[in-house]
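Residue strings, one per chain:
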Amino acid sequence: MTEIHCELLQDRIPEVVSGRERWSAEEAAHLSRCADCATVERLLVATSALGRDVEARFDATPAILRVAERLRTEGRREVSPVRRHWIAGLVAAAAVTVAVLSWPGSGAAPDFARQEQSFLTELDSLDTAELAIIADELAPPLSALGASEGAEPLDLDSTQLERVMRSLEG
Amino acid sequence: MPAVPTPPSDPVLVARFLAGEERAAAELMGRHAPAVARFLYSAGAARDDLDDLVQETFFRAFRRIDSWRQESGFRSWLFTIASNQLKDAVRRRKGMRILPLESWDAAGSEAPDTVLEADETAERLRAGIAALPRLQREVFLRRIQFGEDYSAIAAVLGTTAGAARVHYHHAVKRLKELAR
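Residues numbered from 1 in each chain as written. Chains lettered and ligands numbered in written order. Predicted model: local features only at pLDDT ≥ 70, side-chain atom pairs only at ≥ 80, totals over all residues.

Trainee: When you look at the overall build of chain A in this model, what are you seeing that I'm missing?
Mentor: Of regular secondary structure, chain A possesses 9 helices and 0 strands. Going from the N terminus to the C terminus, chain A shows its helices and strands as α-α-α-α-α-α-α-α-α. Across chain A, contacts joining residues at least 24 apart in sequence account for 72% of those joining residues at least 6 apart. (Helix = DSSP H or I, 4+ residues; strand = E, 2+ residues; numbered from the N terminus. Contact = placed C-beta atoms within 7 Å.)

Trainee: Would you mind going over the overall build of chain B with me for this structure?
Mentor: Helix and strand content of chain B: 9 helices and 0 strands. When the 180 residues of chain B are sorted by exposure, 42% land in the buried category. The long-range fraction of contacts in chain B, counting pairs at least 24 apart against all pairs at least 6 apart in sequence, stands at 64%. (Buried ≥ 20, exposed ≤ 12 C-beta atoms within 10 Å, placed from the backbone.)

Trainee: Mind showing me how you'd approach the interface of chain A and chain B here?
Mentor: Facing the 36 residues of chain A at the interface are 43 residues of chain B. Of all elements in the fold, only α1 (6-17), α3 (35-49), α4 (52-57), α5 (61-74) and α9 (158-169) of chain A reach the threshold of two or more residues within the side of chain A that touches chain B. A breakdown of the residues in the side of chain A that touches chain B according to their chemical character gives 16 nonpolar, 10 polar and 10 charged. (Nonpolar A, V, L, I, M, F, W, Y, C, P; charged D, E, K, R; others polar.)

Trainee: I'm lost on α3(A) in this one. Help?
Mentor: Note: α-helices contain 3.6 residues per turn, so residues at a spacing of three or four share the same orientation. All names here are of chain A. Taking 1.5 Å per residue as the helical rise, α3 with its 15 residues ought to reach 21 Å, and the 21 Å between its terminal C-alpha atoms agrees with that figure. Within α3 the residues assigned to the buried category are T39, V40, L43, L44, A46 and T47. Along the long axis of α3, the arc covered by the buried residues comes to 160°, so they all point the same way. Phi turns positive one or two residues past the end of α3, at G51, with a value near 80°. (Expected span 1.5 Å × (residues − 1). Arc of directions from axis to C-beta.)

Trainee: In this structure, what is going on with helix α8 (residues 150-157) of chain B? I would like to understand it.
Mentor: All of the buried residues in α8(B) are B:Y150, B:I153, B:A154, B:V156 and B:L157. Downstream of α8(B) by a residue or two, B:G158 has a phi angle that is positive, lying close to 70°.

Trainee: Sorry if this is basic, but what is going on with the nonpolar core here?
Mentor: In a soluble, globular protein the nonpolar side chains are often hidden away together inside. Core analysis: the largest hydrophobic core is formed by 61 residues, its most contacted members being B:M29, B:A33, B:V36, B:L40, B:F58 and B:A82. For this core, the element with the highest residue contribution is helix α2 (residues 22-42) of chain B, accounting for 12 residues. Leaving out residues up to four positions away in the same chain, B:M29 has contacts with A:A60, A:A63, A:I64, A:V67 and B:F58. (Core = buried A, V, L, I, M, F, W, Y, C linked by C-beta atoms within 7 Å.)

Trainee: How should the packing of α2(B) against helix α4 (residues 74-92) of chain B be read in this particular structure?
Mentor: In helix packing, the relevant descriptors are the interaxial angle and the interaxial distance, both defined with respect to the helix axes. Residue and element names in this part refer to chain B. Remark: α2 packs on α4, axes separated minimally by 10 Å, with the N-to-C direction vectors making an angle of 45°. One element, α2, and the other, α4, form an angle in the oblique class. Crossing of α2 over α4 shows right-handed handedness. Here H32, A35, V36, F39 and L40 of α2 come into contact with α4, specifically with F74, R75, L78, F79, A82 and L86. Grouping the constituent residues of the contact of α2 with α4 by class yields 9 nonpolar, 1 polar and 1 charged. (Axes fitted to C-alpha atoms, helices over the stretch in contact; angles between N-to-C directions. Parallel < 35°, antiparallel > 145°, perpendicular 65-115°, else oblique. Left-handed = near helix turned anticlockwise from the far one by under 90°.)

Have a look at this one:
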């Protein structure tokens, strides 16, 4: 009789729950006597069923009509002057942060790292057009701070910058 | 017997939309809006907010559709935008997630056979998922509800397959502890 490892079996639960794979007789027997594996299976079965009714009943027609109307009337997004001022503040904070973090031997103190995280969270809420503004405007303040050696992040495009923000969010 | 016409693929519809064909946008929405609604609901959005969140997700998607690199599926890309919409909505309206984690804790007093089966318990599961850190929540839902593999999830979330797997296991561990 093959020994069943809980970790390996639990890794396969999503495949079985989705119907792509099936349990062997030994695995089924293991599930019937292993409380931990059975709990994970119940959890994943419940998750796979969650919201099925929402999906089945969702009427997309009103949203389709509204989106079509908005695309006709609003088109591509223009960033408002007020929003630009707010972004400018973020740019300044980002410039200072990158400069300090890239300063040789700065050691990036924990308190500073927390402040950095707070505005990174704000950056994460920006859309592509707004991130592009930051990418465009970040270079001059950084060069003024003499932080050229640590300025590689400025070479990122907006998509890459978004990914960095997500990865920092953890 | 006449051949059944194959529906146009997502990339084809996106190309038609970019060429100015409005109907392609409607077809993409008809195809994916219900799944986006389910993703948002499972992530903690209130039913009453789904219409607005889905609308905003697609509106934003169509305005920046040239940023879809096709490395990930169109639906998977939509989920990322939807997740951002939900996060912004929660920030704007604190308490939008109507399902506090504490309500899940009460499930521990139920008989094990009934856990995760009743509607009430499904709401607790939703609360537990909503309380997960964002990346854990996204990886978990994409993996279980939409069958995405770790490589596909990693591509759209800008991480590695190994990291996506770790996020998934953290999510399972946390939800499992709550479900015992």
